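What follows is the residue order along each chain.
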Amino acid sequence: MPRTRQPYDSGQLGYPRTMTGIDLRSPAFADHGRLPRRHAGNGDNVSPPLSWSGIPREASELALLCESVDAPPGGRPLWLVTGIDPRRTGLEAGTGHPGSHVHRNGYGDNGWGGPIASPGEPRRYVFRLYALPAPVSIPHDVTADAAREVLDDQSVGHGTLVGQC
């Protein structure tokens, strides 16, 4: 059966606003709200805390991707973590990811690479949590577009959260 895409966020972001069942949130910022400076690359560069619910039963692992909506295509992710235990209900700010695989970010480091806060119009960053039915294989040094394509194709559920910086 062919996959159907979920409704998009008024076409503004090009990302589904509501995804199949996973509710992704952060106590640090509201959906479409400002990321606190603590989480910016030119702040403390600490990954934001995240929580989620509604993980499908058939998920054997979760993957988390954060990327800039406003960056040109082919950019590197700010954060890509695969192999997250589907029994987890979130990640604390700045914590490690036991048993998971942390990929290289757009700055060439492993783990969170916070966005650079800039004056003027804020930029948008999409956090996407994917529920996967089987372990996923993604190269360590991958573009955000390539990672999203693999995760979208294999996902049995996902959720989004958008932050601005």
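Here the structure is shown first, and the text comes after it.
The present account deals with the structure reproduced in this document. Note that the structure is predicted; figures quoted are calculated from it, not measured.

### Some words on the packing of aromatic side chains
Here is step 1 of the chain: All told, the structure shown has 3 aromatic pairs when counted by the stated rule.
Here is step 2 of the chain: Consider the rings of Phe-29 and Phe-127, whose centres lie 5.7 Å apart with planes at 40°: the pair is tilted. Residue Phe-29 is found in the loop between β1 (23-25) and β2 (33-34), and its partner Phe-127 is found in strand β8 (residues 124-132); the two are separated by 98 residues along the sequence. An identical accessibility class is assigned to Phe-29 and Phe-127; each is buried.
Here is step 3 of the chain: Centre to centre, the rings of Trp-79 and Trp-112 are 5.3 Å apart; their planes meet at 80°, and the pair counts as edge-to-face. Placement of Trp-79 in strand β5 (residues 79-84) and of Trp-112 in the loop between β7 (101-102) and β8 is noted, with a sequence separation of 33 residues between them.
Here is step 4 of the chain: Put simply, the rings of Phe-29, Trp-79, Trp-112 and Phe-127 touch in pairs and so form one group of aromatic residues.

### Quick word on the layout of surface pockets
Here is step 1 of the chain: Considered as a void within the structure, the largest pocket measures approximately 340 Å³ in volume.
Here is step 2 of the chain: If you trace the largest pocket, you find 20 residues lining it, with Ser-68, Ala-71, Pro-72, Gly-75 and Arg-76 closest to the centre.
Here is step 3 of the chain: Mapped onto the lining of the largest pocket, the elements with two or more residues apiece are β4 (61-68) and α1 (144-154).
Here is step 4 of the chain: Considering every element that reaches the lining of the largest pocket, the biggest residue donor is α1, with 3 residues.

### Topic: the pattern of salt bridges
Here is step 1 of the chain: By the definition in use, this model includes 8 salt bridges.
Here is step 2 of the chain: Between Arg-76 and Asp-141 there is a salt bridge whose closest N-O contact spans 3.6 Å. With Arg-76 in the loop between β4 and β5 and Asp-141 in the loop between β8 and α1, the pair connects residues that are 65 residues apart, well separated along the chain.
Here is step 3 of the chain: Overall, the relative accessible area of 37% leaves Arg-76 in the partly exposed class.
Here is step 4 of the chain: Among the ionic pairs, Arg-148 bridges to Asp-145, the shortest N-O distance being 2.6 Å. A residue pair is termed a helical-turn pair when its members lie 3 or 4 positions apart in one helix, as Arg-148 and Asp-145 do in helix α1 at 3 residues.
Here is step 5 of the chain: On the basis of relative accessibility, which here comes to 18%, the residue Arg-148 falls in the buried class.
Here is step 6 of the chain: When its relative accessible area of 27% is taken as the criterion, Asp-145 is described as partly exposed.
Here is step 7 of the chain: Salt bridges sharing partners connect three or more residues here, namely Glu-67, Asp-145 and Arg-148.

Calculation rules
- Residues numbered from 1 in each chain as written.
- Predicted model: local features only at pLDDT ≥ 70, side-chain atom pairs only at ≥ 80, totals over all residues.
- Heavy atoms only, no water.
- Phe/Tyr/Trp six-rings, centres within 6.5 Å; stacked < 30°, edge-to-face > 60°.
- Helix = DSSP H or I, 4+ residues; strand = E, 2+ residues; numbered from the N terminus.
- Buried < 20%, exposed > 50% of the residue type's maximum accessible area, 1.4 Å probe, protein only.
- 1 Å grid on protein atoms, 1.4 Å probe; cavity = no way out; pocket = protein on both sides within 12 Å on 5 of 7 lines; lining within 4 Å.
- Points joined across faces, edges and corners; volume = space filled by probe spheres on them.
- Salt bridge = Lys/Arg side-chain N within 4 Å of Asp/Glu carboxyl O.

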